[in-house]
Amino acid sequence: MQIVLCDDAEHAAREAAKWVQALLVHKAKPVLGLATGSTPIRLYQELIALHQLQQLSFANCTTFNLDEYFDIAATHKQSYRSFMQKHLFNHVDIDQTNTYLPACSQGQNPRLVGLEYEQKIAAAGGIDLQILGIGSNGHIGFNEPTSSLASRTRLKTLTAQTIADNSRLFEPDEVQPTMAMTMGIATIMDARYILLIATGQAKAEAVRQMVCGPVSAYCPASILQMHEHAIVVLDKDAASLISDQQYLKVAEQENQRMIDMYGLQFIAE
Ligand code: F6R
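Here's what I pulled together on the structure shown here. Bear in mind that the values here come from a model prediction, so they are computed numbers and not experimental data. (Residues numbered from 1 in each chain as written. Predicted model: local features only at pLDDT ≥ 70, side-chain atom pairs only at ≥ 80, totals over all residues. Heavy atoms only, no water.)

1. Quick look at the side chain of E144
Tracing the backbone shows E144 in the loop between β6 (129-132) and β7 (154-157). At 3.0 Å, the side chain of E144 forms a polar contact with the side chain of N137. Within the structure, E144 has its side chain in polar contact with the backbone nitrogen of T159 (distance 3.0 Å). Leave out the neighbours within four places in its chain, and E144 touches N137, H139, K156, T157, L158, T159, T162, A217 and P220. (Helix = DSSP H or I, 4+ residues; strand = E, 2+ residues; numbered from the N terminus. Polar contact = N/O pair within 3.5 Å; in protein donor to acceptor, adjacent residues only side chain to side chain. Contact = heavy atoms within 4.5 Å.)

2. A short note on the packing of helix α2 (residues 39-52) against helix α3 (residues 80-87)
Between α2 and α3, the least distance of the axes is 10 Å, while the angle of their chain directions is 40 degrees. If you check the angle between α2 and α3, you find them oblique. Contacts between α2 and α3 involve I41, Y44 and I48 on the former and, on the latter, F83, M84 and H87. For the contact of α2 with α3, the residue count by class is five nonpolar, one polar and no charged. (Axes fitted to C-alpha atoms, helices over the stretch in contact; angles between N-to-C directions. Parallel < 35°, antiparallel > 145°, perpendicular 65-115°, else oblique. Nonpolar A, V, L, I, M, F, W, Y, C, P; charged D, E, K, R; others polar.)

3. Quick notes on the environment of Q108
Here Q108 lies in the loop between β5 (99-100) and α4 (110-123). When the C-alpha positions of Q108 and D71 are compared, they lie 9.1 Å apart, and in sequence the two are 37 residues distant. What Q108 contacts, discounting residues up to four positions off in sequence, is A103 and V113. Side-chain polar atoms of Q108 contact the backbone nitrogen of S105, separated by 2.9 Å.

4. Remarks on the sheet that holds strand β2 (residues 31-34)
One open sheet holds the seven strands; their spatial order is β1-β10-β9-β6-β2-β3-β5, and the pairing between them is parallel. The sheet terminates laterally at β1 (2-6) and β5, the two strands that pair on one side only. Pairing of strand β3 (residues 62-65) with β5 involves two bridges; the strand directions are parallel. Bridge pairing in β5 links F64 to Y100. Here α4 sits on the sheet in contact with β3 and β5, set at roughly 150 degrees to β3. (Pairing = 2+ DSSP bridges.)

5. Examining empty space enclosed by the protein
Within this structure, the stated rule accounts for one cavity of 30 Å³ or more. Counted as a void, the largest cavity has a volume near 40 Å³. As for the largest cavity, its lining consists of A9, A12, A13, T39, R42, L43, I197 and T199. (1 Å grid on protein atoms, 1.4 Å probe; cavity = no way out; pocket = protein on both sides within 12 Å on 5 of 7 lines; lining within 4 Å. Points joined across faces, edges and corners; volume = space filled by probe spheres on them.)

6. Examining the sheet that holds strand β4 (residues 67-69)
With antiparallel pairing, the three strands of this open sheet are ordered in space as β4-β8-β7. The open sheet has two edge strands with one neighbour each: β4 and β7. Strand after strand, the sheet turns through a mean of 30 degrees between neighbouring axes, direction not considered. Across three bridges, the pairing between β4 and strand β8 (residues 179-182) is antiparallel. Of the residues in β8, the one forming a bridge with E68 is M181.

7. Some points on the environment of T99
Assignment of secondary structure puts T99 in strand β5. Assessed through its relative accessible area of 4%, T99 is described here as buried. Sequence spacing of T99 and N109 is 10 residues, and the spatial spacing of their C-alpha atoms is 21 Å. Non-local contacts of T99, meaning those with residues more than four positions away in its chain, are made with T63, R81, F89 and I94. Among the polar contacts listed, one links the side chain of T99 to the backbone oxygen of Q96, at a separation of 2.7 Å. (Buried < 20%, exposed > 50% of the residue type's maximum accessible area, 1.4 Å probe, protein only.)

Structure, rendered in structure tokens:
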């Protein structure tokens, strides 16, 4: 894992944006994996700002979101489609017909929807860079603890912890979904690059388990230890429980020196 230590959430968003920008600038037809939730909002704001400065175009980009609530209308204000429209798609030059989420309604067979989503990703040439957040229980996408490390896009039941963590986003009288379609752990691992962002003290223990713990289905994010190109961007609070901070700082300085010298265009190779 390449661990990028940042001072705060704004700094983390700027660092993360550099990787996305490198891909979009250097690859002719980039395929981006997207996440929802509070964490990537700042990254999306950075990307929108770069777009407005004419330094970033999404015109040739295809996107696949990690997940979508089960049986929710695209137009529902709590759908992840609405989230993406609000926080990114409506503000950049993306062709919205190239933006995909694993939407599945009650009348559809989730197994087929999952299979079709995998086929769409493959037909697009696979995901170049997958953006991830991490749940306080170590989930990535909605792959909750005990999810198969070999899983593919499918329907998952959310844990009580995830439902409680996300309840802040719902009005008291709003029905909160308890199931979601999500890319599987193997789907995520197929991405050429992974860019996981974690900020805040609430993520510190999950980050510790992801980075320092054993690879275990009980902390799905720990599988990223097995990924060839996993970039983990952390603010101070999220990184606070990782051991050997001194080594991480030295390694990060060296990484930055290499990036300053050679750039990030290798992400598009
Ligand atoms: C979102 C997703 C989730 C979130 C995670 C963290 O598409 O798949 O894994 O990344 O729950 O959410 P926040 O950023 O709200 O803390």
